[in-house]
Amino acid sequence: QVQLVESGGGLVQPGGSLRLACAASGSDFSINIMGWYRQAPGKQRELVAREPSSGSTNYADSVKGRFTISRDNDKNTVYLQMNSLKPEDTARYYCYANVLIGTQSYNYWGQGTQVTVSS
């Protein structure tokens, strides 16, 4: 089993910044992909950014140039630096990880952290 714990959400004014963090814990696993999704009320969950262990980072078009995803592999932690926040970025942000345990891959989700952009 792998647990994902997010932190860093909150209330911020338009144009402000927040940094989310998500730490993965457990035993005997390796991480293939870590990333962030978000879900606003009444909307489907959508990809924000994902970073595989090898390969290209993906961003939603709506956040390109404003958000930056990064990973600290030693700490099994993924970060999302969010700048120039807009009211439409308001959502619950979920950490996601695809991990390898033995020969099987599994998907895990965090509980989510609320980001509210409002004046």
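Conventions adopted
Residues numbered from 1 in each chain as written. Predicted model: local features only at pLDDT ≥ 70, side-chain atom pairs only at ≥ 80, totals over all residues. Heavy atoms only, no water. Phe/Tyr/Trp six-rings, centres within 6.5 Å; stacked < 30°, edge-to-face > 60°. Helix = DSSP H or I, 4+ residues; strand = E, 2+ residues; numbered from the N terminus. Buried < 20%, exposed > 50% of the residue type's maximum accessible area, 1.4 Å probe, protein only. Polar contact = N/O pair within 3.5 Å; in protein donor to acceptor, adjacent residues only side chain to side chain. Contact = heavy atoms within 4.5 Å. Pairing = 2+ DSSP bridges.

## Some thoughts on the packing of aromatic side chains
For step 1, the next point in the chain: With the rule as written, the count across this model stands at 3 aromatic pairs.
For step 2, the next point in the chain: Between the aromatic rings of Y37 and Y96, the centroid separation amounts to 5.7 Å while the plane-to-plane angle is 70°, which identifies the pairing as edge-to-face. Separated by 59 residues along the polypeptide, Y37 in strand β4 (residues 30-39) and Y96 in strand β9 (residues 91-101) bring together distant segments of the chain. Comparing Y37 with Y96 shows no difference in burial state: the two are buried.

## Structural notes on the side chain of T77
For step 1, the next point in the chain: If you trace the backbone, T77 turns up in strand β8 (residues 77-82).
For step 2, the next point in the chain: For T77, a relative accessible area of 8% translates into the label buried.
For step 3, the next point in the chain: Among the polar contacts listed, one links the side chain of T77 to the backbone oxygen of K75, at a separation of 2.9 Å.
For step 4, the next point in the chain: Those residues in contact with T77, other than ones at most four positions away along the chain, are C22, A23, M34, S70, R71 and D72.

## Examining the pairing of β8
For step 1, the next point in the chain: Counting buried residues in β8 gives 5 out of 6 residues, a clear majority hidden from the surface.
For step 2, the next point in the chain: Where strand β7 (residues 67-72) and β8 come together, 6 bridges link them in antiparallel fashion. Looking across to β8, one finds that S70 is bridged to Y79.
For step 3, the next point in the chain: Once β7 ends, the chain turns through 4 residues before running back antiparallel as β8, passing N76 with a positive phi of about 50°.

Purely geometric numbers; function is a separate question.
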